[in-house]
Each structure stands twice: as structure tokens, then as C-alpha cells.
Amino acid sequence: MTSELLERTAVRSATAVFTGIGVTAPNGLGTQAWWEATVAGESGIRPVSRFDASGYPATLAGEVPGFDAEEHIPSRLLPQTDHMTRLALTAAKEALEDSGADPAEMPQYSAGAVTAASAGGFEFGQRELQALWSKGGQYVSAYQSYAWFYAVNTGQISIRHGLRGPSGVLVTEQAGGLDAVAQARRQLRKGSKLIVTGGVDGAVCPWGWTAQLAGGRMSPVADPERAFLPFDSEASGYVAGEGGAILVLEDAEAARERGARVYGQLSGYAATFDPGPGREGEPGLRRAAELALAEAGLTAADVDVVFADASGVPELDRQEEAALTALFGPRGVPVTAPKTMTGRLSAGGASLDLAAALLSIRDAVIPPTVNVTNPVAADALDLVTEARRGPVRTALVLARGTGGFNAAAVVTAAN
């Protein structure tokens, strides 16, 4: 084998580790506040406050509490950013500070950003379109040209932190939080040293609300404790939310050289598609999980916990239950869905689950699935409804995006 081929092989097999976590979530602003609330089972789902939702079929949301953009975002960025991007910038800053990495001290093109999005800056776009229709084009902000764009979080994070390396955006709805991290790992295998990745999303505004209602899967229940109940006999759909997590993914050797603290390793990942409309066949979630475990060199018996996609839609919950029992057997692994405390965060949801998985490994605790009191598959799923203490070394995170996207990621304790 030539030295050139050996070098390429080494790049492809580079190990990717997580060294930083930043969170903006409906049950906690900042990683520590969110994690403490999550382990304690404290929900952030409440009546919508960002606009008057009283006339809509769905009136609950997971909104990030206590967020004052002026306290977190430079004043020059406020006129050009949507609420969703401000949350992403806040999480990215926390993640980089948590990692201890300073991109300014790294080779110029060795650090980049890859994020996930589903809609972009919907609230910003709605405001500017209202100005256009009611006042005229001269009242539309020039920043509308990109503030609405689904790649805007990647761009703003890159500019603010001087990340001149490979960058990108993944648009696969809820699956995007895993797909973005996998794309970040690809860039590390190509030679990058650090990628800021994950997803922060949300469109809690009339325009975004109408788009989600059109999907027919939002829960109409007005009681925050009974609205989002995945795997429960009273499941009636999902509650939408805003926020997510930004993570710092690094080449393990580079992280080790600078003495970084490591939360865990991205050991396996896979993405699949469901059969097309009108076509028969099994949904692709089980296959994604199997492929991710195979890439990690692990079996189902090695998994300590599954962070479920947990849609809250009865038919989709049954499909996920079938995938889990086929892979692990009845009650073969603890299953949790802490998103019952936040709602489904679109592209931010799976990256928040990744953050939860990493902290579960660190703290030896599985966070609960709150409010689920009547599980329909109690004989099939070992659903964790109260925080469960005990060693966690391997976690499987599952996500499904509207349109047939499936993603699975395996995170393990650092070697």
C-alpha cells in the first residue's frame, strides 16, 4: 500500500468525538439549566406566548424561556436575524466555550460549520412579507434576502466565529439533527479538525403554525400534560417547539493534543428512506438502526438506552415500536423520549437528543419520558417514565423526518 493510500485510509477512519454542547430548549436556556430540568422531569410545554394562538386548533408550544436576545447577540446582528438564528448563535457560542477550542488559534480552513434546518427564519419572513403587502417594497428589510434562508444558521455561526472551513446545511426535518452531525464527521474524515454542528429550529409564529397544522399531526389537546403522549393510549399528535442543540465535533487526535474534555464518540450513523407513496414495504427506521450499529461494530445487546423518535402520532408510534421490538426483542432495552418535555423541535430535536445521550453517559442517568401514564405497548417497550440511574456507555438515537427520512446515530463513552 502506497504512503498516499495509507494517508487517505487514515483520514477516512478518523475518530469523531464531542467536546462541546450548547443548548437552547423549552425547559432550559443553557446546557446546565436544561439538563437539570430534563433529569427532574420538568416540562417546558405551555400555551403559546409568541403570538395569539387562541383561534388555532393547536394552542401549545415548547418555547425557550427567559431568552432576551440583547443579552446574547451583538446589537449589529439583531436587525438581520430571525429569533431562530439568535437561539442558534447563543447555543453555538456556549458550545465553543464549553469545548475550550478557539478557532482563531487553529489553521485557517480547519474549522467549519454544518447545521440542520427545516424552514429557516419563518418569523422574520412573515414580518417582512406583511410589510410588503401592507406598506410596499420600500419597507422590506434588505436582510430578508437571507434571514429566511434555511442555511442562515450555518452562515451566521461561521461568520461570528471565523469558521472558514467546510460548511453546509441539511434539510431533512426532524432527522436533520443527526444528518448534520454525520456530515460534520465526513468533513473530519476529509481532514478538518473541528466542526460546529447540530440544529436549532423553530417557527412559532402564525405563518409557521399554519404550515405545521397543514400536516395534520399537531395535537389539539389544550392540557400541557396530556397533549404530547408518544406510545400512550391517549396519543393525539405532537406539540411543536423551538430550540435544539449545537455541538462541537472534533477529530479525536486533535482534541487529545489540546487536552480537551470529551463527552463521547460518534461511533455509528446511518440514514434510510421509507418506501415511496403507494409502495409496500417496511419503514426504514429499523434498517437505519441496524446499519448504524453495524458501522459502530456493536450489536443490539451492547445498547444501554434508545432515545426514541417518539412522534406522538399513533400510527408512527406503532411503526417505531415494531422496529424496536424487531431489533431488541420485547422490553429488550430501556427506551426514553425526553422530547415530551420540549415538544418536537423539527431540525433541532435530534441534536438535543444527542446532547441528552452524551450527558446520560457522563452522569450515568437516563432521563424520563414524562406524562405517559397509559403506554399501549407496555409489554413491548421498556419505556423510562422516571429518571433511571445506572451506567450508560452506549446510546442509540433515532429520528424520523416528514417525507420518509430516517436516521440513527450511536454514541459511546470515550475510549
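Definitions and cut-offs
- Residues numbered from 1 in each chain as written.
- Predicted model: local features only at pLDDT ≥ 70, side-chain atom pairs only at ≥ 80, totals over all residues.
- Heavy atoms only, no water.
- Helix = DSSP H or I, 4+ residues; strand = E, 2+ residues; numbered from the N terminus.
- Rg over C-alpha atoms; globule rule 2.2 N^0.38 Å.
- Contact = heavy atoms within 4.5 Å.
- Core = buried A, V, L, I, M, F, W, Y, C linked by side-chain atoms within 4.5 Å.
- Buried < 20%, exposed > 50% of the residue type's maximum accessible area, 1.4 Å probe, protein only.
- Axes fitted to C-alpha atoms, helices over the stretch in contact; angles between N-to-C directions.
- pLDDT = per-residue confidence, 0-100.
- Pairing = 2+ DSSP bridges.
- Polar contact = N/O pair within 3.5 Å; in protein donor to acceptor, adjacent residues only side chain to side chain.
- Patch = residues over 30% accessible without salt bridge, like charges linked within 9 Å, V, L, I, M, F, W, Y side chains within 5 Å.
- Areas by Shrake-Rupley, 256 points an atom, 1.4 Å probe, with all protein chains shown as cover.
- Salt bridge = Lys/Arg side-chain N within 4 Å of Asp/Glu carboxyl O.
- Parallel < 35°, antiparallel > 145°, perpendicular 65-115°, else oblique.
- Left-handed = near helix turned anticlockwise from the far one by under 90°.

Here's the deal with the overall build of the chain
Logical step 1: Across its full length, the chain holds 13 helices and 16 strands.
Logical step 2: The C-alpha radius of gyration computed for the chain amounts to 20 Å, which stays within 12% of the reference 22 Å derived for 415 residues, consistent with globular compactness.
Logical step 3: The principal-axis extent of the C-alpha atoms belonging to the chain is close to 70 × 55 × 45 Å.
Logical step 4: Taking contacts inside the chain between residues at least 6 apart in sequence as the whole, the part at least 24 apart equals 79%.

A look at the nonpolar core
Logical step 1: Ranked by internal contacts, the top residues of the largest apolar core, which has 48 residues, are Phe18, Ile21, Trp34, Leu178, Leu354 and Val411.
Logical step 2: Take this core: its biggest share by element is 9 residues, from helix α13 (residues 349–363).
Logical step 3: Ignoring any residue separated from it by four or fewer positions in sequence, one finds Phe18 in contact with Val181, Leu247, Val248, Leu249, Arg261, Val262, Tyr263, Gly264, Gln265, Leu266, Leu358 and Val411.
Logical step 4: By size, the runner-up hydrophobic cluster in this structure holds 28 residues, among which are Leu293, Ala300, Val306 and Val410.

Topic: the packing of helix α5 (residues 122–134) against helix α9 (residues 206–213)
Logical step 1: Close contact between α5 and α9 brings their axes to 8 Å; oriented N to C, the two are set at 115°. In contact with Phe122, Gly125, Gln126 and Leu129 of α5, α9 contributes Pro206, Trp207, Gly208 and Ala211.

Digging into the confidence of the model for the chain
Logical step 1: Here the chain averages 94 in pLDDT, while 97% of its residues score no lower than 70.
Logical step 2: Taken as a whole, residues 1–12 scores under 50 in pLDDT and shows 7 contacts with residues more than four places along the chain or in a different chain.

Topic: the pairing of strand β5 (residues 111–116)
For a regular strand, side-chain orientation follows a simple rule: the groups alternate between the two sheet faces.
Logical step 1: For β5, a buried count of 6 out of 6 residues is recorded, marking the element as mostly surrounded by other parts of the structure.
Logical step 2: Here β5 shows two buried faces, one formed by Ala111, Ala113 and Thr115 and the other by Gly112, Val114 and Ala116.
Logical step 3: Bridge count between β5 and strand β7 (residues 194–201): 6 bridges; the pairing is parallel. For Ala116, the partnering residue across the bridge sits in β7 and is Gly199.
Logical step 4: With 4 bridges joining them, β5 and strand β6 (residues 167–170) adopt parallel strand pairing. Its bridge partner lying in β6, Ala113 is registered against Ser167.

Topic: unusual backbone geometry
Most peptide bonds are trans, and most residues other than glycine sit at a negative phi.
Logical step 1: Here Ala310, not a glycine, exhibits a phi torsion of approximately 55°, which is positive.
Logical step 2: Tracing the backbone through its elements, the reader meets Ala310 in the loop between β10 (305–307) and α12 (314–328).

Section: the side chain of Arg344
Logical step 1: Tracing the backbone shows Arg344 in the loop between β11 (334–336) and α13.
Logical step 2: Among the polar contacts made by the side chain of Arg344, one reaches the main-chain carbonyl oxygen of Arg400 at a distance of 3.4 Å.
Logical step 3: Residue contacts for Arg344: discarding those within four places in its chain leaves Gln174, Phe228, Tyr238, Val239, Ala240, Gly241, Asp309, Ala310, Ser311, Lys339 and Arg400.

Re a nonpolar patch on the surface
Logical step 1: A surface patch of nonpolar side chains, about 490 Å² in accessible area, is lined by Tyr143, Tyr146, Trp148, Phe149, Tyr150 and Val171.
Logical step 2: Counting through the fold element by element, Trp148 comes out in the loop between α6 (144–147) and α7 (152–161).

With respect to the side chain of Thr272
Logical step 1: Locating Thr272 in the fold gives a position in strand β9 (residues 264–273).
Logical step 2: Within the structure, Thr272 has its side chain in polar contact with the backbone oxygen of Gly284 (distance 2.6 Å).

Regarding the packing of helix α4 (residues 83–99) against α7
Logical step 1: Running from N to C, α4 and α7 point in directions that differ by 45°, and their axes come no closer than 10 Å. Of the possible angle classes, the one that applies to α4 and α7 is oblique. In this structure, α4 meets α7 at a crossing whose hand is right-handed. Residues Met84, Thr85, Ala88, Leu89, Ala92, Lys93 and Leu96 of α4 touch α7, and the partners they reach there are Val152, Asn153, Gln156, Ile157, Arg160 and His161.

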